[in-house]
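# Structure at a glance
Residues per chain, in single letters:
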Amino acid sequence: MIGWLQGELADRWQQNNRCGLLLVCGGVGYEVQIPRRHWDQLGAEGEITQLHVHQVIREDSWTLYGFQARHERDLFRELVAVSGVGPQMALGLLGQLSGEELVRAIVQADLRLLCQAPGVGKRTAERLSVELRTRLQERFGASLALLEADDLAAAALDPAGGAAPSEGVREEVQLTLAALGYEALEINRALRAVAAQGEGLGADGDAWLRESLRWLSRDAA
């Protein structure tokens, strides 16, 4: 199996929603499909290019899919293992979102963001979140939680983004929402969204809880 290629960029092509390149390695040209984001960032012809590769072998074709980073290749493999998600849809997701953004969207069940990718409907987005959420959270949960905490802290410092709740109010809301079955990432995401609305809720814990529940309910609708 081909897992990595390094060679000279000989050509780049686009056919409908598919993007790819021709990579010459040791006198052999490999045609590789890549996400649109990577295609937009390709250098000039003749430049040395490296790709982490996923190879699909079928009776009538051998197809290579390439990625700039190994973790995106591994994420692609997780995506195509989900029922109803083929290579083109997985490429569309990784072409629309970075690997980090896609993991966060799946873990947080951000269906609206997932549905922005070509061909992804609400049912497919729900299936992605249900089937991959736990596995991806186990792999990336700690870093995601840190990102959420940083986002919430940034909201507190950004006058244009409203004010985050005080430490006491945040802990109270987090405990209540956790008792209702919400996970930590969902709760932090809701608090960040409410803070960004600039409602000026101050130290009113009930108001923070009410607005957080309203936002979570709207996100699940």
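The preceding data block contains the structure.
A brief look at the structure comes next. For every chain, the first residue of its written sequence is number 1, and the numbers climb from 1 along that sequence. Selection of residues for local features in this predicted model requires a pLDDT of at least 70, selection of side-chain atom pairs for listing and counting requires 80 or more, and totals for whole chains, interfaces and linings are taken over all residues. Heavy atoms from the whole structure form the basis of all side-chain values; hydrogens and water molecules are not counted.

## Re the sheet that holds strand E3 (residues 28-33)
- If you walk around this closed barrel you meet the five strands as E1-E2-E3-E5-E4, and the pairing is mixed. Put simply, the sheet's adjacent strands are angled 50 degrees from each other on average, direction ignored.
- Here, any two strands with at least 2 DSSP bridges between them count as paired. Where helices and strands are cited, they refer to DSSP runs of H or I of at least four residues and of E of at least two residues respectively, numbered from the N terminus. Across two bridges, the pairing between E3 and strand E5 (residues 61-67) is parallel. Its bridge partner being in E5, Gln33 is matched across the sheet by Tyr65.
- Note on contacts: a residue pair is in contact if any heavy atoms of the two residues lie within 4.5 Å. A fitted line through C-alpha atoms serves as each axis, taken over the contacting stretch for helices, and the angle formed by two N-to-C directions is quoted from 0 to 180°. This element, helix H2 (residues 70-80), spans strand E4 (48-58) and E5 of the sheet and lies at about 15 degrees to E4.
- The strands that helix H3 (residues 87-96) touches are strand E2 (18-25), E3, E4 and E5; relative to E5, the one it contacts most, it runs at about 15 degrees.

## Notes on the packing of aromatic side chains
- What counts as a ring pair is set by centres within 6.5 Å for rings of Phe, Tyr and Trp (its six-membered ring), and what kind of pair is set by the plane angle: stacked under 30 degrees, edge-to-face over 60, tilted for all other angles. With the rule as written, the count across this model stands at two aromatic pairs.
- Each ring, one from Tyr65 and one from Phe76, has its centre 5.3 Å from the other, and the planes form 35 degrees; the classification is tilted. With a gap of eleven residues between them, Tyr65 in strand E5 and Phe76 in helix H2 connect regions that are remote in the sequence. As far as burial versus exposure is concerned, Tyr65 and Phe76 are alike and both buried.
- Ring plane angle 45 degrees and centroid distance 5.0 Å describe the contact between Phe67 and Phe76, whose orientation is recorded as tilted.
- Phe67 gets classed as buried once you look at its relative accessible area, which sits at 0%.
- Accessibility expressed as a relative area gives 1% for Phe76, which makes it buried. Burial classification: accessible surface area is computed with a 1.4 Å probe over protein chains only, and a residue below 20% of its type maximum counts as buried, one above 50% as exposed, and the rest as partly exposed.

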